[in-house]
Amino acid sequence: MFDQLDIVEERYEQLNELLSDPDVVNDSSKLRAYSKEQADLQKTVEVYRDYKQVNEDIGEIETMLNDTKDKDEIEMLKEELQSSKERIPQLEEELKFLLIPKDPNDDKNVILEIRAAAGGDEAAIFAGDLFRMYSRYSETLGYKTDVVEMNDSDHGGYKEISVMIQGQGAYSKLKYENGAHRVQRVPETESGGRIHTSTATVAVLPEAEDVEVEIRNEDIKIDTYRSSGAGGQHVNTTDSAVRITHLPTGTVVTSQDEKSQIKNREKAMKVLKARVYDMKVQEEEAKYASERKSAVGTGDRSERIRTYNYPQNRVTDHRIGLTIQKLDQVMEGKLDEIIDALTMSEQTEKLKELNNGEI
């Protein structure tokens, strides 16, 4: 582990020099890449330097203990020594987690797609509840949310809705939401008070960069049409809505939320790139599915990952066996307890893999 940490620290110092190099300063792409790499390494280097300093302190205190006869000083030094020694295992544990390979998508914006599944009108209403939950959660993190496309349900909620969520680390927070979400509750339309079970699926796609996926002009078909949704006279009387079809994959994306056709096209292209990139990633992951050991991961989209039980105010995440009696708070966007538990579970599994099954 410490050989790895020495390499990380050496690279961090190298990046400091590179970022002062005039050739790098004048090259925006290199400057951005090196700055990001340095920022990613900074926390690890800070903790490692803290670890080395504490070890030096221990050596100095032990030397001072051997050199002094003063009882008060000896007592004070022993307390200081004990405190420093207690920090060592804590810092070692933190360093282990910091060395876990980072998901390259973690810092990216995301396209969040929610679709009503089994349960008819109630599933659509639940899809709307999930959209509200994620919107509120995003607000608490300071993220910007922007609806790209939606298909309203006649009785409330959405048959499907796609929203772009922009903010530092958006994917790292939301990637665990991939999968089928199940709700158990009494629908408003149910006169007999019987509990119904409905489902909605959630897909979290990292926003793709141009270098990761190429969309050629000859591979897309773009149609424009008049928006059918709410938005005022201007939206409904101009061909501002955009539909883009990616011919090689058959992927279709629509956007009609903006008054400007150009803005709708920009939104639709971002979603299209994210979906095509996601298809590419899913294909690659399928090749190694049998080798995957992580208990969490981003998972199979058809996998039931969580149940929201309204009568008992209970939320259960089935992947890690977590149950909390705070459904009312969760639906208001207070997802930190669940997200933190999922993050810790995945990090622990990765750490086991790095240590050949042992922590």
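Nothing here was measured: the structure is a model prediction, and the numbers come from that model. (Residues numbered from 1 in each chain as written. Predicted model: local features only at pLDDT ≥ 70, side-chain atom pairs only at ≥ 80, totals over all residues. Heavy atoms only, no water.)

Draft legend 1. Spotlight on the pattern of salt bridges. The tally for this structure, following the rule as stated, stands at 26 salt bridges. Between glutamate 9 and lysine 52 there is a salt bridge whose closest N-O contact spans 2.8 Å. You can see glutamate 9 sitting in helix α1 (residues 2-18) and its partner lysine 52 sitting in helix α3 (residues 28-67), a full 43 residues away along the chain. Note that aspartate 129 is salt-bridged to arginine 185, the shortest N-O span being 2.8 Å. Taken together, the residues span a long stretch of sequence, with aspartate 129 in helix α5 (residues 121-140) and arginine 185 in strand β4 (residues 179-185) at a distance of 56 residues. Relative accessible area serves as the criterion here: at 22%, aspartate 129 is assigned to the partly exposed category. Put simply, Glu113, Arg115, Glu149, Glu160 and Arg275 are held in one network by salt bridges that share partners. (Salt bridge = Lys/Arg side-chain N within 4 Å of Asp/Glu carboxyl O. Helix = DSSP H or I, 4+ residues; strand = E, 2+ residues; numbered from the N terminus. Buried < 20%, exposed > 50% of the residue type's maximum accessible area, 1.4 Å probe, protein only.)

Draft legend 2. Looking closely at the nonpolar core. Membership of the largest hydrophobic core comes to 35 residues, with the highest contact counts inside it found for Ile114, Leu130, Tyr134 and Tyr308. With seven residues, α5 is the single largest residue contributor to this core. Ignoring any residue separated from it by four or fewer positions in sequence, one finds leucine 130 in contact with Ile114, His181, Ala200, Val202 and Tyr308. (Core = buried A, V, L, I, M, F, W, Y, C linked by side-chain atoms within 4.5 Å. Contact = heavy atoms within 4.5 Å.)

Draft legend 3. Layout of the sheet that holds β4. Strand order in the open sheet made by the eight strands is β2-β3-β1-β5-β4-β9-β10-β11, with mixed pairing throughout. The sheet terminates laterally at β2 (144-152) and β11 (322-324), the two strands that pair on one side only. In this sheet, adjacent strand axes meet at a mean angle of 15 degrees when their direction is disregarded. Note: β2 against strand β3 (residues 158-166), eight bridges, orientation antiparallel. Across the sheet, the residue bridging to asparagine 151 is glutamate 160, located in β3. On top of the sheet, α5 reaches β1 (110-116), β2, β3, β4, β5 (196-206) and β9 (304-309); it is set at about 45 degrees to β5, its chief contact. (Pairing = 2+ DSSP bridges. Axes fitted to C-alpha atoms, helices over the stretch in contact; angles between N-to-C directions.)

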